[in-house]
Amino acid sequence: MHEKIIILDFGSQTTQLIGRRVRDLNTYCEIVPYNKFPFGDKTVKAVILSGSPFSVNDDDAFKPDLSKIRGQYPVLGICYGAQYLAYSSGGKVEKGDSREYGRAHLNYVDKDELLFDGIVQGSQVWMSHGDTITKMPESFKIIASTADVPIAAYKINGEQTWAVQFHPEVFHSTDGTRLLSNFLNICGMKRDWSPASFIETTVAELKKQLGNDKVILALSGGVDSSVTAVLLNKAIGKNLTCVFVDHGLLRKNEFKNVLDDYEHLGLNVIGVDASKKFYDALAGVSDPEQKRKIIGKGFIDVFDEEAHKLKDIKWLGQGTIYPDIIESLSITGTVIKSHHNVGGLPEKMNLKLVEPLRLLFKDEVRRVGLELGMKEHLIKRHPFPGPGLGIRILGDITPEKVRILQDADEIYIRMLREWGLYDQVWQAGVILLPIKSVGVMGDERTYENTVALRAVTSTDAMTADWAHLPYEFLAKVSNEIINKVRGVNRVVYDISSKPPATIEWE
């Protein structure tokens, strides 16, 4: 087992970012709710306390007992974590004269302090807090300050506990990664977490967990399920059966292309064309949530049918990744979002779950895929929604609407690749709007469909900005779609960010 850092989550939006920064430094870490510390786990080497949306002075703020953690492990408190360490030791935390938010610069750094090794006066940090520490307990020593925040960082004498009131995990703290790296050095971490070590450990664990049992896996053609399949195949070979269902709402030629890709990977894949079944079930349905439910249920029914043709299946493989796990539980332990990969399959089929990627972030999944020798175009594929084009056709779904959208989408994605823009975008697609407008083609007036192009940049899909694609590119795509896709005479571009909009339209 890998040694690890535990990040106690007090509810900050940047907690996952702390985890990703630590992983980027080749160190394994896990994020757990603030009150769920894994006492007794001998692989835990150090603890990081995250930020929080609360003030330590709020009645409903998260206030765990840290007495069994402090002094037992090296600890780094970040923002709320720093304030709570001071507050719970008898210090004073008060509302600042103004909310301290944005860039600041260190005007004092203790040069002898290992946490700030290689970080000099003037280094930019990112502040984001309404409270500030105004009085420290006697055993606390200031090790960094800014013009507005005298206690920007401190160390507790007599124990390996440090704290910073700024956010080293965010991009705007220029030496933030250095500070986290210094903390890992202080803890004596081996820095041996890598895609190669993950594959070696995971394959060994899967062999032990699954033995001679048979596993069935639903493939979507996406990165997560594909990497899961290759990992399981490496561990159990012929005992893995993959099912790829075409619900008729995939991209143009995707069913054939993906099956060809999987054949190259040596996977045992059953391809099922169930498009007619889905089109019949969706006929006349316009409500987005109802469409999702019909597609979800239809998928489970088809998958279940295929599974029953096989003998002795005991496990269901799934491409669940770490953000799914974190988002499925709030820090109080209540479910805040249904697990988007599960979809009711394990309960219906009475199977045990195996989720080899459940502790990886999306960018780590891609690195593991490349390490496994998978083709780049499979690994660098944009995310694609489970209900597919069903939620990119606003209103009811018909085979003709699917044909229009597939043709337009194929042109858009192909041209993004041709112009070298595909890898700069997190996700892109075309939406068919329930709007017809007048146009002129040749000497004739037309009354045809409008499509919207969507492209966003993001690192994790939690937030996303619309992609600032070149005007020349958009002009060419628009021209190509209107000229070549029968049934479209108008193209628009979506310039909404998330939040307040979502990436998909439904």
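Up top you'll find the structure we're talking about.
The rules behind each value
Residues numbered from 1 in each chain as written. Predicted model: local features only at pLDDT ≥ 70, side-chain atom pairs only at ≥ 80, totals over all residues. Heavy atoms only, no water. Helix = DSSP H or I, 4+ residues; strand = E, 2+ residues; numbered from the N terminus. Rg over C-alpha atoms; globule rule 2.2 N^0.38 Å. Buried < 20%, exposed > 50% of the residue type's maximum accessible area, 1.4 Å probe, protein only. Areas by Shrake-Rupley, 256 points an atom, 1.4 Å probe, with all protein chains shown as cover. Lys, Arg positive; Asp, Glu negative; His and termini not counted. Charge placed at Lys NZ, Arg CZ, Asp CG, Glu CD. Polar contact = N/O pair within 3.5 Å; in protein donor to acceptor, adjacent residues only side chain to side chain. Contact = heavy atoms within 4.5 Å. Axes fitted to C-alpha atoms, helices over the stretch in contact; angles between N-to-C directions. Parallel < 35°, antiparallel > 145°, perpendicular 65-115°, else oblique. Left-handed = near helix turned anticlockwise from the far one by under 90°. Nonpolar A, V, L, I, M, F, W, Y, C, P; charged D, E, K, R; others polar. Salt bridge = Lys/Arg side-chain N within 4 Å of Asp/Glu carboxyl O. Pairing = 2+ DSSP bridges. Phe/Tyr/Trp six-rings, centres within 6.5 Å; stacked < 30°, edge-to-face > 60°. Disulfide = S-S within 2.5 Å.

## Quick look at the overall build of the protein chain
So, point 1. Broken down by element type, the protein chain carries 14 helices and 18 strands.
So, point 2. Whereas a compact globule of 506 residues would reach a radius of gyration of roughly 23 Å, the protein chain reaches 26 Å, a difference of no more than 12%.
So, point 3. Within the protein chain, the fraction of its 506 residues that count as buried is 57%.
So, point 4. As displayed, the protein chain has an accessible area near 23200 Å², and 50% of this comes from carbon and sulfur atoms.
So, point 5. Considering the protein chain, the positive charge centre built from 61 side chains and the negative charge centre built from 66 side chains are found 3 Å apart.

## Brief notes about the side chain of K291
So, point 1. With respect to the secondary-structure elements, K291 resides in helix α8 (residues 288-308).
So, point 2. For K291, the side chain forms a polar contact with the side chain of E506, separated by 2.8 Å.
So, point 3. Setting aside chain neighbours within four positions, we find K291 in contact with L282, V285, S286, G390, I393, L394, G395, I397 and E506.

## Describing the packing of helix α13 (residues 399-418) against helix α14 (residues 471-484)
So, point 1. The N-to-C vectors of α13 and α14 enclose an angle of 150°; their axes lie 10 Å apart at closest approach. One element, α13, and the other, α14, form an angle in the roughly antiparallel class. In this structure, the crossing between α13 and α14 has a hand that is right-handed. Counted together, A408, I411, Y412, R414, M415 and L416 of α13 and F473, K476, V477, E480, I481 and K484 of α14 form the full contact between these two elements.
So, point 2. Class assignment for the residues of the contact of α13 with α14 results in 8 nonpolar, no polar and 4 charged.

## A short note on the pattern of salt bridges
So, point 1. According to the stated counting rule, one finds 31 salt bridges in the structure shown.
So, point 2. In this structure, D363 and R20 form a salt bridge, with 3.0 Å as the shortest nitrogen-oxygen distance. Of the two residues, D363 is situated in helix α11 (residues 362-371) and R20 in helix α1 (residues 15-24); the sequence distance between them amounts to 343 residues.
So, point 3. For D363, a relative accessible area of 23% gives the class partly exposed.
So, point 4. Taking the shortest distance from any N to any O, the salt bridge between D396 and K401 comes out at 2.7 Å.
So, point 5. Members of the salt-bridge network, linked through shared partners, are E410, R414, E418, E480 and K484.

## Considering the side chain of T202
So, point 1. On the secondary structure map, T202 appears in helix α4 (residues 195-210).
So, point 2. Here T202 is in contact with L231 and P356, once residues within four sequence places are set aside.

## Examining the sheet that holds strand β11 (residues 240-246)
So, point 1. Reading across from one edge, β12-β11-β10-β13-β14 is the order of the 5 strands in this open sheet, with parallel pairing throughout. The sheet terminates laterally at β12 (269-273) and β14 (352-354), the two strands that pair on one side only. Neighbouring strand axes in the sheet, compared pairwise and without regard to direction, differ in orientation by 30° on average.
So, point 2. Pairing between strand β10 (residues 214-219) and strand β13 (residues 313-317): 4 bridges, direction parallel. Bridge pairing links K214 to I313 in β13.

## Some details on α11
So, point 1. Residues of α11 that are buried: K362, E364, V365, R366, V368 and G369.
So, point 2. Packed against the buried residues of α11 are α1, α4, α5 (223-236) and α12 (376-379).
So, point 3. Following α11 by one or two positions, G373 has its phi on the positive side, about 85°.

## A look at the packing of aromatic side chains
So, point 1. The tally for this structure, following the rule as stated, stands at 20 aromatic pairs.
So, point 2. Summarising the aromatic geometry, the rings of F10 and Y84 are spaced 6.4 Å apart at their centres and angled 45° between planes, so their arrangement reads as tilted. On the criterion of sequence distance, the pair formed by F10 in the loop between β1 (4-9) and α1 and Y84 in helix α2 (residues 80-87) is long-range, its members being 74 residues apart. Of the two residues examined, F10 and Y84, each falls in the buried class.
So, point 3. With a centroid separation of 4.8 Å and an interplanar angle of 35°, the aromatic rings of F140 and Y154 are classed as tilted. One end of the pair, F140, is in strand β7 (residues 140-146); the other, Y154, is in strand β8 (residues 153-156), with 14 residues separating them in the sequence.

## Regarding the state of the cysteines
So, point 1. Counted by the stated rule, this structure contains 0 disulfides.
So, point 2. As a non-bridged cysteine, C187 has C29 as the owner of its nearest cysteine sulfur, 12 Å distant.
So, point 3. On the basis of relative accessible area, C187 is assigned to the buried category, the value being 15%.

## Some words on the packing of α4 against α5
So, point 1. Axis separation between α4 and α5 bottoms out at 9 Å; the angle between their running directions is 60°. With respect to each other, α4 and α5 are oriented oblique. For the pair α4 and α5, the crossing hand works out as right-handed. Touching F198, I199, T202, V203, L206, K207 and L210 of α4 are L231, L232, K234, A235 and I236, all from α5.
So, point 2. The residue inventory of the contact of α4 with α5, partitioned by class, reads 9 nonpolar, 1 polar and 2 charged.

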